[in-house]
Amino acid sequence: MTFIRSKYLMFYIIASALVIILFLLDIRYGTVNIPLDQVVKSLIGQPLEKESWGFIITEFRLPKALTAVLVGSGLSVAGLLMQTLFRNPLAGPFVLGISNGASLGVALLIMSGNTLFNMLYQLGNWGIVIAAVLGSTAVLAMVLLLSVKVKDNVSLLIVGLMVGSATGAVVSVLQFFSDAEIIQAYLIWTFGSLAGVSWEQLQVLTPIVFLGILLAFISQKQLNTFLLGEQYARGLGISIKKYRIIVIIATCLLAGSITAFCGPVAFIGLAIPHIARAVFQTANHSVLIPSVILIGSVVTLICDMIAQMPGEQTTLPINAVTALLGAPVVISVVIRSRMMKTSI
Amino acid sequence: MILETKNLTIGYRKQGLIQNLNLHLKKGELTCLLGPNGIGKSTLLHTLTGVLPAVSGEVCIQGQTINTLTPRQLATYIGMVLSQKLTPVNLTVFEIVALGRTPYTNWLGHLTKPDRKAIQEAMELVKVEGFSSKFIGELSDGERQRVMIAKALAQDTPLLVLDEPTAHLDVNNRVNLLTLLKTLAKETDKAILLSTHELEMAIQLADFVWLITEDRNVIAGSAEDLVLAGMMEKTFKGENVVFDNQTGNFKIKYGLNKQVSLHGMGTSAIWTRKALEKEGFEILDNGYCDIQIHIGQHSDNNWLIKANNSEVELNSIQELKTELRSITQHQN
């Protein structure tokens, strides 16, 4: 809507630099700390002092750092899309059960024994992603239908939680009827983390996240009119149905594929858009989409570094770290919207 | 002629609610759509703006049938304002008015020079240019509604349709908004159609009225003609309220079961009469019955009650009411 003003440009430059620095630091720190110059050398393909460092970087640290950037930007964009779609500041992939939907899709894939799902299972990583995206689409569609009936923020949140736990319950039932071996295969998947994503999986995840973000990017004008509500958007000549479907597809591609490979990551999708709005004081998507991508990447890289606990032998689940960070943001949003201030 | 309907039947799911409408809207005129609740005002507006398909017949806007237009084209013919309160979003007044340019901008929503000029003019017309960088959440309800009108003006359409735009406003803001619309119709030469509950104000301001009657007909004409034909009185007949053809106001119907006679003139007499009706007294002008009230025997704020062969002098309507209550209690 407005020009990219100089203050936005400054922010984008600083934030991009920050992403690069944190990206390198994320590779540097871990159970084995690798000197920064060696990290840079490894990335530009020069020989290292120790060969094991090169192995650690290319096989573990680099894919993990790339995954952190994809997860951070993908989930943040998904959260932004959902908040605009529902016109609800508390919407997000995790709270509205979209992640649970992805889990259900994967559970069905691994445990149902259905022929169709078996065929998908043969597709490997692609099969898992398709199942997860379908699962999240089903849940999002259901929550969206129910959201027509419940107008206020908190009720929608409760509906999301209920749909989420019902979805979880279906997974439990499936587990009950499955063989130990299959349950094990599923459980291994649920332990997914940023570190668990392989190069092969990245080859699937990266194009899907890019596609999701691209869909969000080309719908930015329409998303801005969504802020006024459906009727006003229609009055401005927007075909609501078409863009609602595009937004749903984008959201589910992002949240579904990320959950498929990394497991549920809480609060990034919910909290980052609010941070971006607080920084820029706008709801304009042409500003917010690049902002949430940058802020989401920064925050997820920081969360990953905290989870690694540099120098220690153990790692924390990424989900716990993001929740610790996201919960205060959510509480502040609830308090602010109670005070009738702006919310989305 | 900006909008015209030809044998239009409106309704939901092929069921005709109001049939055979041949209505039109002219340039520079403010038309008010009136009618009791739930009679089909919104259905009519939704059909005229292409939200609902017509059951039969057609709606033409500047000679174009609306269902041949794409949504984007339609948005260059009709600007809409709704009654709903806007949820507070992080958008400034300028950004919201700028959304009115949506049908004209490219896929990124980039604003060109003419776009910016149209936005500025729209904000000036409704006098919100002073707070163009304020957030919508910081504004009062009346100001927000004016911003939405500016958005519709920036849309640069020959027709503005407003669905109960005054619903959430207080009296002062309602009058301001309706007067503003009246001026806008004259100044911008647009046709403006609005649905409203404000019968009294609509009669005073509208150039033209569409009245949906109880038997689901739309009668179009000057407000005054409709009053004289008794249409308003007939349509807005409630159990406890009646439209007064003399004054153009609504009057509450009280159960009048007692009689007094009132003697006097001027403003005091008018308000004494209102108070007595509220108390359930039928008033006989200058007739003589058991209870007589005389106004202004000694000064303006002076009432004299004659009843049961005694006289009481009172200094306020409140005292008068108390006295009357005790008299009528004795009689019972």
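This structure is a prediction, so every number in the text was calculated from the model and none was measured. (Residues numbered from 1 in each chain as written. Chains lettered and ligands numbered in written order. Predicted model: local features only at pLDDT ≥ 70, side-chain atom pairs only at ≥ 80, totals over all residues. Heavy atoms only, no water.)

### Brief notes about the overall build of chain A
Next, step 1: When helices and strands are tallied, chain A shows 15 helices and zero strands.
Next, step 2: Taking 2.2 N^0.38 as the reference for a compact globule, 344 residues should give roughly 20 Å; the C-alpha atoms of chain A span a radius of gyration of 20 Å, in line with that estimate.
Next, step 3: Seen through its C-alpha atoms, chain A measures out along the principal axes to roughly 65 × 60 × 35 Å.
Next, step 4: The buried share among the 344 residues of chain A stands at 54%.
Next, step 5: The long-range share in chain A, meaning contacts at least 24 apart out of those at least 6 apart in sequence, stands at 76%.
Next, step 6: Per element, the accessible surface of chain A, about 14900 Å² overall, is 70% carbon and sulfur. (Helix = DSSP H or I, 4+ residues; strand = E, 2+ residues; numbered from the N terminus. Rg over C-alpha atoms; globule rule 2.2 N^0.38 Å. Buried < 20%, exposed > 50% of the residue type's maximum accessible area, 1.4 Å probe, protein only. Contact = heavy atoms within 4.5 Å. Areas by Shrake-Rupley, 256 points an atom, 1.4 Å probe, with all protein chains shown as cover.)

### Points about the interface of chain B and chain A
One frequently used descriptor of interface size is the decrease in accessible area upon assembly of the parts.
Next, step 1: With 37 residues of chain B in contact, the opposing surface of chain A contributes 28 residues.
Next, step 2: Together, the buried faces of chain B and chain A total about 3000 Å²; carbon and sulfur atoms form 61% of this surface.
Next, step 3: Contact with chain A buries surface across chain B, with B:Asn90, B:Leu99 and B:Trp107 losing the most and accounting together for 21% of the total.
Next, step 4: For the interface between chain B and chain A, the tally reads zero salt bridges.
Next, step 5: Run the count over chain B and chain A and you get seven residue pairs in polar contact (both at pLDDT 80 or more).
Next, step 6: With four residues, helix α3 (residues 93-99) of chain B is the single largest residue contributor to the side of chain B that touches chain A.
Next, step 7: Taken together, the residues of the side of chain B that touches chain A sort by class into 20 nonpolar, 13 polar and four charged. (Buried area = accessible area lost by both parts, 1.4 Å probe. Salt bridge = Lys/Arg side-chain N within 4 Å of Asp/Glu carboxyl O. Polar contact = N/O pair within 3.5 Å; in protein donor to acceptor, adjacent residues only side chain to side chain. Nonpolar A, V, L, I, M, F, W, Y, C, P; charged D, E, K, R; others polar.)

### Considering the UniProt feature "domain: ABC transporter" (unreviewed entry) in chain B
Next, step 1: Those residues carrying the UniProt feature "domain: ABC transporter" (unreviewed entry) are residues 3-239 of chain B in this numbering.
Next, step 2: The span residues 3-239 of chain B is 35% helical and 23% strand by assignment, and the distance between its end C-alpha atoms comes to 36 Å. (UniProt positions renumbered as here; feature names shortened; annotations may be inferred.)

### Things to note about the sheet that holds strand β18 (residues 310-314) of chain B
Residues and elements named next belong to chain B.
Next, step 1: Ordered by their spatial adjacency, five strands build an open sheet running β15-β14-β16-β17-β18, and the pairing between neighbours is mixed. What marks the edges here is a single partner per strand, and that holds for β15 (281-285) and β18. The average angle at which neighbouring strand axes cross in this sheet is 25 degrees, direction not considered.
Next, step 2: Here five bridges tie strand β17 (residues 303-307) to β18, and the two strands are oriented antiparallel to one another. Paired with Ile305 across the two strands is Val312, which belongs to β18.
Next, step 3: On the sheet, helix α10 (residues 266-278) packs against β14 (258-263), β15, β16 (292-295) and β17 and is oriented at approximately 145 degrees with respect to β15. (Pairing = 2+ DSSP bridges. Axes fitted to C-alpha atoms, helices over the stretch in contact; angles between N-to-C directions.)

### Focus: the pattern of salt bridges
Residue and element names in this part refer to chain A.
Next, step 1: A full pass over the atoms with the stated rule returns ten salt bridges over all chains.
Next, step 2: Notably, a salt bridge pairs Glu230 with Arg234, separated by 3.4 Å at the nearest N-O pair. With Glu230 and Arg234 both in helix α11 (residues 230-235), this residue pair falls four residues apart, about one helical turn.
Next, step 3: Residue Glu230 is classed as partly exposed on the basis of its relative accessible area, which comes to 39%.
Next, step 4: A relative accessible area of 33% places Arg234 in the partly exposed class.
Next, step 5: Taken together, the shared-partner salt bridges in this structure form one network comprising Asp26, Lys64 and Asp304.

### Quick look at the packing of aromatic side chains
Next, step 1: Under the defined criterion, the tally for this structure stands at seven aromatic pairs over all chains.
Next, step 2: Ring geometry for A:Phe11 and A:Tyr12: centres 6.0 Å apart, planes at 70 degrees, overall edge-to-face.
Next, step 3: The class of A:Tyr12 is buried, set by a relative accessible area of 13%.
Next, step 4: Among the aromatic residues, ring-to-ring pairing joins A:Tyr8, A:Phe11, A:Tyr12 and A:Phe280 into one connected group.
Next, step 5: Cation over ring: B:Lys258 sits above B:Phe281, and NZ or CZ is 4.8 Å from the ring centre.
Next, step 6: Geometry around B:Trp271 places B:Lys274 over its ring, the cationic atom sitting 5.1 Å from the centre. (Phe/Tyr/Trp six-rings, centres within 6.5 Å; stacked < 30°, edge-to-face > 60°. Lys NZ or Arg CZ within 6 Å of the ring centre and 35° of its normal.)

### A few points about the nonpolar core
Next, step 1: Judged by nonpolar contacts, the single largest core of 107 residues is most densely connected at A:Phe86, A:Leu96 and A:Phe226.
Next, step 2: At 16 residues, helix α3 (residues 51-86) of chain A tops the list of elements feeding residues into this core.
Next, step 3: A:Phe226 has contacts with A:Thr84, A:Leu85, A:Arg87, A:Ala233, A:Ile238, A:Ile240, A:Tyr243 and A:Arg244, leaving out every residue within four places of it along the chain.
Next, step 4: Among the nonpolar cores identified, the runner-up in size contains 61 residues, and A:Ala283, B:Leu82, B:Ala206 and B:Leu211 belong to it. (Core = buried A, V, L, I, M, F, W, Y, C linked by side-chain atoms within 4.5 Å.)

### Looking at the sheet that holds strand β9 (residues 191-195) of chain B
Residues and elements named next belong to chain B.
Next, step 1: The sheet built from six strands is open, its strands ordered β7-β8-β9-β4-β10-β11 with mixed pairing. Either end of the sheet is taken by a strand with one partner, and the two such strands are β7 (78-81) and β11 (218-221). Recorded for the sheet is a direction-independent mean angle of 15 degrees between the axes of neighbouring strands.
Next, step 2: One ladder, built from four bridges, connects strand β4 (residues 30-34) with β9; its direction is parallel. For Thr31, the partnering residue across the bridge sits in β9 and is Leu193.
Next, step 3: In the packing of helix α5 (residues 141-154) onto the sheet, contacts are made with β7 and β8 (159-163), and the angle to β7 comes to roughly 170 degrees.

### Overview of the pairing of β9(B)
It is a general feature of regular strands that their side chains alternate between the two faces of the sheet.
All names here are of chain B.
Next, step 1: β9 sits mainly inside the fold: five of its five residues count as buried.
Next, step 2: Here β9 shows two buried faces, one formed by Ala191, Leu193 and Ser195 and the other by Ile192 and Leu194.
Next, step 3: Bridge count for β8 against β9 is five bridges, and the pairing is parallel. Looking at β9, one finds that Leu159 is bridged to Ala191.
Next, step 4: Once the chain exits β8 it traverses helix α6 (residues 171-188) before rejoining the sheet at β9, and the crossover so formed is right-handed. (Right-handed = clockwise from strand over helix to strand, strands pointing away.)

### Observations regarding the side chain of A:Ser42
Next, step 1: Positionally, A:Ser42 belongs in helix α2 (residues 36-43).
Next, step 2: If we ignore the near neighbours within four places in the chain, the residues touching A:Ser42 are A:Leu48 and A:Ile57.

### Describing α2(A)
Every α-helical turn comprises 3.6 residues, leaving residues that sit three or four positions apart pointing alike.
Residues and elements named next belong to chain A.
Next, step 1: Among all positions in α2, only Gln38, Val39 and Ser42 are buried. The buried residues of α2 occupy an angular sector of 105 degrees when the element is viewed end-on, so they sit on one face.
Next, step 2: Buried residues along α2 sit in contact with α1 (6-28) and α3. (Arc of directions from axis to C-beta.)

### Comments concerning the packing of α1(A) against α2(A)
A packed helix pair is summarised by two numbers, namely the angle formed by the two axes and the spacing between the axes.
Residue and element names in this part refer to chain A.
Next, step 1: Axis separation between α1 and α2 bottoms out at 9 Å; the angle between their running directions is 105 degrees. Between α1 and α2, the crossing angle belongs to the class labelled roughly perpendicular. Along its contact with α1, which presents Leu24, Leu25, Ile27 and Arg28, the element α2 presents Leu36, Val39, Val40 and Leu43. (Parallel < 35°, antiparallel > 145°, perpendicular 65-115°, else oblique.)

### Section: α5(B)
Next, step 1: Over its 14 residues, α5(B) extends 20 Å from the first C-alpha to the last, a length consistent with the 20 Å expected when each residue adds 1.5 Å.
Next, step 2: Where burial is concerned, most of α5(B) is hidden: eleven out of the 14 residues are buried.
Next, step 3: Every buried residue of α5(B) is accounted for by B:Gly142, B:Arg144, B:Gln145, B:Val147, B:Met148, B:Ile149, B:Ala150, B:Lys151, B:Ala152, B:Leu153 and B:Ala154.
Next, step 4: Where α5(B) is buried, its residues contact α11 of chain A together with β7, α3, α4 (113-125), β8 and α6 of chain B. (Expected span 1.5 Å × (residues − 1).)

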